[in-house]
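# Structural characterization, general
What follows is each chain in one-letter form.
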Amino acid sequence: MGMGPAQAGGGDEDGFDAAPMSEINVTPMVDVMLVLLIIFMVAAPLMTVGVPVQLPKTAAAKTSESKKPVVVSVDKDGQAFLAKEPLPADGALARLKEAAAQDPGQTVLVRGDKDVPYGKVMEVMGLVGQAGFAKVSLIANAPSGGGLPAPAPAAAPR
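The notes below deal with the structure included here. Since the structure is predicted, the reported quantities are computational estimates derived from the model, not experimental observations. (Residues numbered from 1 in each chain as written. Predicted model: local features only at pLDDT ≥ 70, side-chain atom pairs only at ≥ 80, totals over all residues. Heavy atoms only, no water.)

### A closer look at the sheet that holds strand E5 (residues 135-139)
Strand order across the open sheet formed by five strands is E3-E2-E1-E4-E5, with mixed pairing between neighbours. What marks the edges here is a single partner per strand, and that holds for strand E3 (85-87) and E5. Adjacent strand axes in the sheet meet at a mean angle of 30 degrees, parallel and antiparallel pairs treated alike. Two elements, strand E1 (residues 70-74) and strand E2 (residues 80-82), share three bridges in a ladder whose sense is antiparallel. When the bridges of E2 are listed, valine 74 appears paired with alanine 80. In this fold helix H2 (residues 92-102) packs onto E1, E2 and E3, with an angle of close to 125 degrees to the strand it touches most, E3. (Pairing = 2+ DSSP bridges. Helix = DSSP H or I, 4+ residues; strand = E, 2+ residues; numbered from the N terminus. Axes fitted to C-alpha atoms, helices over the stretch in contact; angles between N-to-C directions. Contact = heavy atoms within 4.5 Å.)

Next up, the structure:
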């Protein structure tokens, strides 16, 4: 390696000529580079989350909801429910106002069946807003296929 055979006469006091090593030991550098490569290979997929978008900035505080939210559901027939009790069309606003009087800052989650017309869900959301709730959110399930459905083919122009 870097040291030659012992010389009998002369040299250092211990009998070895201590010449400096002229080779660079690259093994520690290769080990460090491989560890960094593995770290970046694991971390890179975690840094990309879906489609890149430019998110708007907001000054809204982060929510930490500890209370159970109020759930309003609209079934496929267009019937509205507060939790599991039916909301009649004529008394829905009064019932929602009673719930809002207990805690107007509470979050209301609106669940609408996928087959119910969009307008019916918007009517229910309007009633929730009229009742005095300020926080209204829509609930949806994530797609099970892992992506958006394929767009329908466009109609040919006439």
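### Digging into the pairing of E1
The buried fraction of E1 is high, at four of five residues. Here E1 pairs with strand E4 (residues 107-112) via five bridges, running parallel. Bridge pairing links valine 72 to valine 110 in E4. In textbook terms, the turn of a hairpin is the stretch between consecutive antiparallel strands, and for E1 and E2 this stretch comprises five residues, one of which, glycine 78, has a positive phi near 90 degrees. (Buried < 20%, exposed > 50% of the residue type's maximum accessible area, 1.4 Å probe, protein only.)

### Some thoughts on the nonpolar core
Judged by nonpolar contacts, the single largest core of 19 residues is most densely connected at Val72, Leu82, Leu87, Leu96, Val108, Val128 and Phe133. Mapped by element, the contributors of at least two residues to this core are E1, E2, H2, E4 and helix H3 (118-131). Of all the elements, H3 adds the most residues to this core, at five residues. (Core = buried A, V, L, I, M, F, W, Y, C linked by side-chain atoms within 4.5 Å.)

### Looking at the environment of valine 74
Mapped onto the secondary structure, valine 74 falls in strand E1. Taking the C-alpha atoms as reference points, valine 74 and lysine 120, separated by 46 residues in sequence, lie 8.1 Å from one another. The contact partners of valine 74, leaving out residues within four places of it in the chain, are Gln79, Ala80, Arg111, Gly112, Asp113, Val116, Lys120 and Val124.

### Let's talk about the packing of H2 against H3
Orientation of H2 relative to H3, taken along the N-to-C sense of each, is 50 degrees, at an axis distance of 8 Å. Overall, the two elements H2 and H3 adopt an arrangement that is oblique. Seen from above, H2 lies across H3 with right-handed handedness. In contact with Ala92, Leu93, Leu96, Lys97 and Ala100 of H2, H3 contributes Leu127, Val128, Gln130 and Ala131. Residue composition of the contact of H2 with H3, grouped by class: seven nonpolar, one polar and one charged. (Parallel < 35°, antiparallel > 145°, perpendicular 65-115°, else oblique. Left-handed = near helix turned anticlockwise from the far one by under 90°. Nonpolar A, V, L, I, M, F, W, Y, C, P; charged D, E, K, R; others polar.)

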